[in-house]
Structure formats: structure tokens, C-alpha cells
Amino acid sequence: MGFLNKLFGKQTKEEEVMIIEKLNIGIILGSTRQGRVSPQVGEWVKEIADKREDANYEIVDIADYHLPFLGTTDGTEPGIAAWNEKLASLDGFVFIVQEYNHSITGALKNAIDFAREAWNNKAAGIVSYGSTGGARAAEHLRGILGELKVADVRTHPTLSLFTDFVNGSEFKPQELHLDNVNTMLDEVVAWSGALKTLR
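Attention in this report is confined to the structure presented alongside it.

Conventions and cut-offs
Residues numbered from 1 in each chain as written. Predicted model: local features only at pLDDT ≥ 70, side-chain atom pairs only at ≥ 80, totals over all residues. Heavy atoms only, no water. Phe/Tyr/Trp six-rings, centres within 6.5 Å; stacked < 30°, edge-to-face > 60°. Helix = DSSP H or I, 4+ residues; strand = E, 2+ residues; numbered from the N terminus. Buried < 20%, exposed > 50% of the residue type's maximum accessible area, 1.4 Å probe, protein only. Pairing = 2+ DSSP bridges. Right-handed = clockwise from strand over helix to strand, strands pointing away. Salt bridge = Lys/Arg side-chain N within 4 Å of Asp/Glu carboxyl O. Expected span 1.5 Å × (residues − 1). Arc of directions from axis to C-beta.

Brief notes about the packing of aromatic side chains
- Across all of its chains, the model carries eight aromatic pairs by this definition.
- An angle of 80° between the planes, with centres 5.3 Å apart, marks the rings of Trp44 and Phe171 as edge-to-face. Taken together, the residues Trp44 in helix H3 (residues 38-52) and Phe171 in strand S8 (residues 170-171) connect sequence positions 127 residues apart.
- Here a set of aromatic residues connected by ring pairs shows up, and it is made of Tyr65, Trp83, Phe93, Phe95 and Trp119.

Have a look at this one:
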């Protein structure tokens, strides 16, 4: 049967999977402040993600792009173009979100606003942390993503400053979060693949 399928141009399910290119998922660090812990959380998510081998995962640090405040310059800074190019190269996102005054950081909101079409018709997951697990920041982010045509998935790992960090600075996640992260990634990959057909 395999020979006949090849003879007539048909692929088996296994061959179809091999032909499909892996999706590119960016793990976006949502803070730029000194002493931030988002790199620790981002690396933890990436370690979990890389074991899955179902997509190409990479850390995307908004601090690397040195974005000015939106509307305060002529917009020719190289970081702005580089930021948009990076987002355009990605099929989906995982936002590492920390809560500041019941919302996301100004740096993340600024970075989000520096792009438009590069966000459209893609999927995103959220991993948040804070005194209440960063839940309020994540809810604010969901509203912003909806305006940008980003489909945010339901499963949402929440990390507590009291139980998942030592002295609020050293990240020591509880094992119970592992299942939530993997379920969130399942959803991000599935939705990212589906939405890619719209672009």
C-alpha cells in the first residue's frame, strides 16, 4: 500500500507530518526592569517546551530591541523594524507576564503597540506571576490581544510570588505547574497551526 501511495502521489500520515514544517513559537519576556525574574520563568517554560519537539521555541526579550516610547520619536530606530521582523517570523507566542498595579508592564504594552499586522491571526498562551498569580495582568493582556486578532488560549499557568519564588527573586516552581504548561503549549501549537492557514 505504501508503494502504491507513493506511486500515485499520496503520503501516509507519518509522511505528511514529516513534510509539514514546524511552527515557530516565541516566548516573550514581558519586563525590562533591573532585577527582573522573567528570564528565569521564560527559560523554565522553554526547557519544558523543547522536550516536546513539536515546534521551534525561542526566547524573545523585548529589552533587546531598545524600543523608545511610542510616539516620542520619528520611528526610524532599528529596533522597531527588527521587532516587527521578529514578530512576523513567528507563528504563535507565549507571554511571560508579571503584574504591576493590576496590569501588565508599560514596557510590554509599549512593545505590543509597536506592531500591528505582525500579530494578526496568530495564537498566544500566557504564563503569569505575581501576588495573586498575575491573573489580573493576564486578563488585561487578553483584551489587548483580542484587538490585535491574536487568539489567546484558555489554559493559563499562574505562578505565586509566595510559593514559586524564594525571597521574591529566585524562581523555584512547584511541580504541579508542569501539566498546566504542557496543556497550554498543546493549545498554542494547535491554534497556531490552524490560524496559519488564514495568513
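Side note on the pairing of strand S4 (residues 122-130)
- With nine of nine residues buried, S4 is to be regarded as a mostly interior element.
- Burial along S4 is two-sided: the residues Lys122, Ala124, Ile126, Ser128 and Gly130 and Ala123, Gly125, Val127 and Tyr129 are all buried.
- Judged from the seven bridges that link them, strand S3 (residues 92-98) and S4 form a sheet pairing that is parallel. Bridging from a neighbouring strand, Phe93 pairs with Ala124 of S4.
- For the segment spanning S4, helix H6 (residues 135-147) and strand S5 (residues 150-152), crossover handedness is right-handed.

Observations regarding the pattern of salt bridges
- For the structure on display, the rule yields 13 salt bridges.
- A salt bridge links Asp91 to Lys196; the nearest nitrogen and oxygen atoms lie 3.8 Å apart. Of this pair, Asp91 sits in the loop between helix H4 (78-88) and S3 while Lys196 sits in helix H7 (residues 177-196), placing them 105 residues apart in sequence.
- Lys196 gets classed as partly exposed once you look at its relative accessible area, which sits at 35%.
- Linking Arg142 and Glu139 is a salt bridge whose minimum nitrogen-to-oxygen distance equals 3.4 Å. In this pair, Arg142 and Glu139 both sit in helix H6, three residues apart, roughly one turn of the helix.
- We classify Arg142 as buried; its relative accessible area is 16%.
- Counted as one network, the salt bridges with shared partners bring together Arg52, Asp54 and Asp186.

As for H7
- For H7, which comprises 20 residues, the first-to-last C-alpha distance of 28 Å matches the rise-based estimate of 28 Å (1.5 Å per residue) to within 8%.
- Looking only at H7, the buried set comprises His177, Val181, Met184, Leu185, Val188, Val189, Ser192 and Leu195. Looking straight down H7, one finds that the buried residues subtend no more than 140° of arc, so they occupy a single side.

All we've got here are geometric facts, nothing functional implied.
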